Amino acid sequence: MRPFGTLNVVGYHHSGDAKMDMDLWYKAVTVVNGFCPDRTRTIAAMVTALELIAQRRFSYAPLVTHRYTLDQIDDAFAAMEAAGPDFVKGVVRPVSG
């Protein structure tokens, strides 16, 4: 996260207290909670993120630690349930490749 950047948290799991990365605090990062009632901020942040991905200025690929085909959907759900420390994001593709 660059200094003065915006972090939009749109999908997280509620399991106890969330830890704050103090490095973000010192960089003066704006955190937009995807579950806040001000949907206009959330949608605007999501649009910006999708534009950055489309422009190839940002890639979420390093977050994808597991890949599955549709035939492996049971394995994907089992891995998500187990969610060990090596599991960040799993992707299910409708076709192999």
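Here the structure is shown first, and the text comes after it.
Residues numbered from 1 in each chain as written. Predicted model: local features only at pLDDT ≥ 70, side-chain atom pairs only at ≥ 80, totals over all residues. Heavy atoms only, no water.

Draft legend 1. Region of the structure containing the pairing of strand β4 (residues 89–93). Pairing of strand β3 (residues 64–69) with β4, which is carried by 5 bridges, proceeds in the parallel orientation. The residue bridging arginine 67 from the neighbouring strand is valine 91, located in β4. (Pairing = 2+ DSSP bridges. Helix = DSSP H or I, 4+ residues; strand = E, 2+ residues; numbered from the N terminus.)

Draft legend 2. Representation of unusual backbone geometry in the model. You will see that phenylalanine 4, though not glycine, has its phi angle at about 65°, which is positive. In this fold, phenylalanine 4 is placed in the segment before β1 (6–9). The exposure class assigned to phenylalanine 4 is exposed, which follows from its relative accessible area of 65%. At arginine 56, a position not held by glycine, the phi torsion is positive, near 60°. Its location among the elements puts arginine 56 in the loop between α2 (39–54) and β3. (Buried < 20%, exposed > 50% of the residue type's maximum accessible area, 1.4 Å probe, protein only.)

Draft legend 3. How the structure looks around a nonpolar patch on the surface. Judged by side-chain polarity, Met20, Met22, Trp25, Tyr26 and Val31 come together as a nonpolar surface patch covering roughly 600 Å² of accessible area. When residues in the nonpolar patch are grouped by element, the largest group, 3 residues, is from helix α1 (residues 22–26). With respect to the helices and strands, methionine 22 occurs in helix α1. (Patch = residues over 30% accessible without salt bridge, like charges linked within 9 Å, V, L, I, M, F, W, Y side chains within 5 Å. Areas by Shrake-Rupley, 256 points an atom, 1.4 Å probe, with all protein chains shown as cover. Salt bridge = Lys/Arg side-chain N within 4 Å of Asp/Glu carboxyl O.)

Draft legend 4. Here's a closer look at the side chain of histidine 66. Relative to the assigned elements, histidine 66 resides in strand β3. In this view, histidine 66 contacts Asp86, Phe87, Lys89, Gly90 and Val91; residues no more than four positions away in its chain are not counted. (Contact = heavy atoms within 4.5 Å.)

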